[in-house]
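# Breakdown of the fold
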Amino acid sequence: MSKHKKWTQTAMWSLAAVLLLSIVLAGCSGGSNNDTPPSENDQVGESTDNNASGEAGNNGAGDEPVALSWMVRGVVLEDSFGEQFVEENFGVDLDIISVPGADYVQRQQIMMTTGEVPDVMFILDPNEMKKYANQGLLAEVPMDLIEQYAPGIRAEIDEHAPQGWYYTEYNGANYGVPTLYPSGRFTTPVTWRTDLLRQAGIDEIPETIDEMTAAFEALKQIDVYGMSTNGNSYYQAFQKIFGAYGVMPMQWTVRDGEVVNGAVLPEAKEALAQLAEWYQNGYIDPEFVTGANMDTKYTDGVFAFSQNSSIYSTDESNPNSAISVLRAVNPDGEIAFGPLPKGPRGESGGWAWGGAGNIFAFGKQLEDHPEKMQKALEIMNEAVTDQEMFFTLAFGEEGTHWEYVNGTDFKEGITAIPPYDDPSVLQEEGIGMSRGASFFGHSGIYDFYEMYTGASIMELNNMYLDGSMYDIFGKPDILPSAGQYWGDLQKLKTETYAKIIRGDQPVDYFDSFVQQWNEMGGEQLREEGQALYDSLQ
Amino acid sequence: MYKTTWNEKLFDTLNVIVLILLACATLYPFIYTLTVSLSLPSEFKLPGLKLFPRDPTLASYAHVLDQTGIGRAFFNSLQRTVIGVAVLLAATAMTAYPLSRKGFPHRGLVMKLFVFSMLFSGGLIPMYLLIRNLGLLDSVWALVLPGAVSAFNLIIMRNFFQAIPEEIIDSAKIDGAGEWRVLFRIVLPLSTPVLAVVALWAGVHHWNAWFDAMIYIQDLDKQVLQLFVRRAVIEESDELASQVELLQAGNYSSETLKAATVMVATIPILCIYPFIQRFFVKGIMLGSVKG
Amino acid sequence: MKSEAAVAAARPGRFRERLQTYRHNRFLIYMFLPGFLIFFIFSYVPMYGIMIAFKDYRILDGIAGSPWAGLEHFRYLFAGQGFTNALRNTVVIALLKYLFVFPAPIILALLLNEIRLSWFRRTIQTISYLPHFFSWVILGGILFTFLGREGGFNQILGYFGLPPVNWLIEPSSFYGMVVITDIWQSIGWGSIVYFAALAGIDPTLYEAAIADGASRWRRIWHITLPSLVPVITIMLLLSLGNFLQVGFDQIYNLMTPTTSDVGDILDTYVLRRLLTMDYEVGAAAGIFSSVFGLLLVIVANYLVKLYDKDQGIW
């Protein structure tokens, strides 16, 4: 019996232990949601207490360095060149939180949601920033402060990319610094397989929709489709054709003071009618909806007009450019840039994102430590506007990491020296988050972009500058209710356009599409867009 | 003695043909990826079925293997796989065996708990907080322990254990064997096929898993190989960056590098299957012994 | 504890009986507890997170401290245009997959079991499981090329004088392609568990049957298949819990604007409604398909037990 009892006790104890442990653990994990942000703050507070004492000296030289945790997108090794460079030049003590690009968004979300908020962080998508701002995780960044500590960035955004301020706005306040995106000002070039055109008996590169129709008919006779496109993409699909009709589906635009979306404008219907006719006549690759293998089909001579080409398409020195690949299969192949096709009213255009890219934002804790935010703004400003600083942080040192293409000056642009031609190697040094962008300020001002890109490419770029069409908000999905409606609207648009072009639905189906669009939230978003547009005028 | 009929010969022939066709179809993605990985970037863009590289080159492999930390990542993957499989097999077998015994108290309730856990989970945030509070962040245990006793493996294993005739276990007990002895000397040896299956599942899972490592492992030195693959394979999520900058990067051929990365990460795990296969055959011999 | 003791006092006989079982099984319990503890900690401790689907999650307040939102997130989720369409597609695809994809590995295992050349059997086995190791991103790219208008498949059809078809683009052939490509990807890997079951069959059974002059078919029908039934049952039951998860990666990578009407499933629908990661709505979606799966498993397990008391999960 005593043995019996002893065993009961053991059983009871182990059961109790299990329960207790699970309850304690549950309590910990449940409660820590509450506990963690403050404790995080404590930590920050501690480290800044040291600063605070130094701060009495008011940022004078010889102070203890300002400590900043800085979340960067890319693999940066500890004590990298970039980190040390910034620390030495600005008197800061950086704690770089390095997250590989592919993991960045999710890791940032998890860190933010569980209370590990960095002092400074790069945020890819304005929607993310707005969500964090809504949760009270970000510090407000008054425009005056930007004016005072990052005047160069302020001026550049105002001049080249005012829509950037829509990215960082939330509920009427500003929560970040938009980054510059100089190459976003240009729409992608269009190219033609001129060898195929010649085979079909066309000697001039078509410049208008009518000339294209004629060329496509001639190409059909030699079994080549006129064009293909990525029909899966809500913004790429036939963008240059819509541009020829003066409309860019899915972009918000202003007509007579009214905010409207290009997807439901009558001009889009016009363009669709033209495309449907082309499709019916067999000018368009029927597989355009897959968006797959576009490169292969182009070099294989399946279609002749590529409306979304690389600016380096005709660069024979680059083994992976379209022309080099083409020549490998077909030594007589030729590719040439063409103008953006003109429509019946002489309009032309293509999708461009505009000169604003992503966002730098600051953790809520910096509201109590203005000196940190100021320091961070200063760093960003210098990294973007100071020529030496910019080139050092975005490309590294001349002679070590990069050199001039022509050996002497910026005329032909610059090129990386191996092994730093591999962006990941450069990144590990804390240099060059992407081409022409640093971890500490992202892209440099527009003048620098022209310098490192080189005159010949800039000339090409500028060919497409006039036709570049921008969303008034930069990205069409930044409106408050976009999370709820935008995905469905994208699907509706992509699906309906494909149906009309393929002839599964008549062109007049467009009218019922407009109605559906408005019912599915299009109208709601339009109103929100109007309000936002009006508020920032 | 039984004689094969004409009918059965026809069946055998058809069977072989069907299986060969199936093998051709299932071999294709492997051949395709292998070919692409051995091609020059410019050659990838040429049309064709890609059954063999025209001008084989190891350039992509050289590039992939040249990445900083890939050796380390390979080791980390190997480590989590070995520890993961060992812990999973031990813990699952020890939990499954009692549940396969008819007299085990609250058996039904426990099984229901397992099934329920298969369908519902608390989600990412509580899990992350739990791992953090247990101090397991940046530790291989964060990757090993959460899935060590999963309902699926447990139920499969328990069912195989249950199929072992009661008499064998009873007679062992009459001979004085304790539960541990029964488990290790009788049940497990009779269950090698299912142990092999679960080990294979676990091994492949651990080798291929990346999401947990991405979330729980923040130290770049402790990252696993599949995160390299993911970095190579996923599309640039940022539309802004993708449109112009990637085009401008130009001399990056992601397709061949992608293929080489996938191959580097896949081939090691493919090699273990032939070893696992032996256990299936071994099981048959043991089965005959037990009869 | 107190009340338990009270209950025990009220029914001393049963309590003692129970203690007897505990005592009798104590070594089994010791063996069982460590694994169970691991399971419990990592499965049930975070379970409080389910609440997030019913809350208006404020990060700074934590899950427990956030205000309740009732069924708001479910309403948001299901109010969207196209929910019913997505649900219908999901159920159709799920049923098709149960009809064609689920039995495929079993058939493969049976066919391979009839092969006597062991090197041939092993080679086919090894090859057939290869596609499992390639993600659908990669497989999708390969399939679009192979099944395209100019692709290899249409070339083969051309030898038989058949006209080319855009297999993945035409809505009418989309479900067929989903089923076939799923079989292609999963058949070998899925058959592994059945090989294990086949390995457990006592060869003397076959020997006896052969001695009795039983034909091949009778042997398959009376020996091989019955010994697979328990595994098939359990695999079926376990998969029912994921009934509404019909393979997001596959569908997502094969869908095009022409097929998004028929291919839109719950997972793609949810993804579309979550432009930015929204934990609450995501959790609500998860709970919906889990509850659905749970009901299916309960019903199916009940039916299985009606047929054979010893089968089933619990």
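Residues numbered from 1 in each chain as written. Chains lettered and ligands numbered in written order. Predicted model: local features only at pLDDT ≥ 70, side-chain atom pairs only at ≥ 80, totals over all residues. Heavy atoms only, no water.

## Thoughts on the pattern of salt bridges
- Considering all chains together, one arrives at 36 salt bridges over all chains under this definition.
- For the salt bridge of Asp508(A) with Lys269(A), the shortest nitrogen-to-oxygen distance reads 3.1 Å. Of the two residues, Asp508(A) is situated in the loop between helix H19 (482-502) and helix H20 (509-535) and Lys269(A) in helix H11 (residues 266-280); the sequence distance between them amounts to 239 residues.
- In this structure, the salt-bridge partner of Asp264(C) is Arg272(C), at a minimum N-O distance of 3.0 Å.
- For Asp264(C), a relative accessible area of 1% translates into the label buried.
- Overall, the relative accessible area of 14% leaves Arg272(C) in the buried class.
- In the salt-bridge network here, residues are joined through shared partners; they are Asp488(A), Lys491(A), Glu495(A), Asp264(C) and Arg272(C). (Salt bridge = Lys/Arg side-chain N within 4 Å of Asp/Glu carboxyl O. Helix = DSSP H or I, 4+ residues; strand = E, 2+ residues; numbered from the N terminus. Buried < 20%, exposed > 50% of the residue type's maximum accessible area, 1.4 Å probe, protein only.)

## Focus: the domain arrangement of chain B
All names here are of chain B.
- With domains assigned, chain B is organised as domain 1 (6-57) and domain 2 (67-290).
- Every contact between the two is made by nine residues of domain 1 and, on the other side, eight residues of domain 2.
- Interface area, domain 1 with domain 2, both sides summed: about 690 Å², of which 89% is carbon and sulfur.
- One can count zero salt bridges joining domain 1 with domain 2. (Domains from an automatic or database assignment. Contact = heavy atoms within 4.5 Å. Buried area = accessible area lost by both parts, 1.4 Å probe.)

## Brief notes about the interface of chain B and chain C
- Chain B puts 94 residues into the contact, and the matching count from chain C is 90 residues.
- Of the roughly 8,100 Å² buried where chain B meets chain C, counting both sides, 78% is carbon and sulfur surface.
- Linking chain B to chain C there are three salt bridges.
- Residue Arg216(C) pairs with Glu8(B) through a salt bridge whose shortest N-O separation is 3.5 Å.
- The interface formed by chain B and chain C includes twelve residue pairs in polar contact (both at pLDDT 80 or more).
- With 18 residues, the single largest contributor to the side of chain B that touches chain C is helix H1 (residues 6-37) of chain B.
- Residues of the side of chain B that touches chain C, tallied by class, amount to 66 nonpolar, 18 polar and ten charged. (Polar contact = N/O pair within 3.5 Å; in protein donor to acceptor, adjacent residues only side chain to side chain. Nonpolar A, V, L, I, M, F, W, Y, C, P; charged D, E, K, R; others polar.)

## Remarks on a nonpolar patch on the surface
Residue and element names in this part refer to chain B.
- A surface patch of nonpolar side chains, amounting to about 570 Å² of accessible area, comprises Trp-6, Leu-10, Leu-14, Ile-17 and Leu-21.
- Mapped onto the elements, Ile-17 comes out in helix H1.
- The exposure class assigned to Ile-17 is partly exposed, which follows from its relative accessible area of 44%. (Patch = residues over 30% accessible without salt bridge, like charges linked within 9 Å, V, L, I, M, F, W, Y side chains within 5 Å. Areas by Shrake-Rupley, 256 points an atom, 1.4 Å probe, with all protein chains shown as cover.)

## A word on the sheet that holds strand E12 (residues 336-338) of chain A
Residues and elements named next belong to chain A.
- The four strands lie next to each other as E8-E11-E7-E12, forming an open sheet whose pairing is mixed. Edge positions in the sheet fall to strand E8 (225-228) and E12, since each of these pairs with one other strand and no more. The mean inter-strand angle of the sheet, taken between neighbouring strand axes irrespective of direction, is 40°.
- Looking at chain direction, strand E7 (residues 190-192) and E12 are connected through three bridges and run antiparallel. Residue Thr-191 lies in a different strand from E12, and its bridge partner there is Phe-337. (Pairing = 2+ DSSP bridges. Axes fitted to C-alpha atoms, helices over the stretch in contact; angles between N-to-C directions.)

## Observations concerning the UniProt feature "transmembrane region" (unreviewed entry) in chain C
Residue and element names in this part refer to chain C.
- Under the UniProt annotation, the feature "transmembrane region" (unreviewed entry) is placed at residues 27-45, 91-112, 133-153, 173-199, 220-244 and 281-304.
- Across residues 91-112, helical content stands at 95% and strand content at 0%; the span's end C-alpha atoms are separated by 32 Å.
- Taken end to end, residues 133-153 has its terminal C-alpha atoms 22 Å apart, with 62% of it in helix and 0% in strand. (UniProt positions renumbered as here; feature names shortened; annotations may be inferred.)

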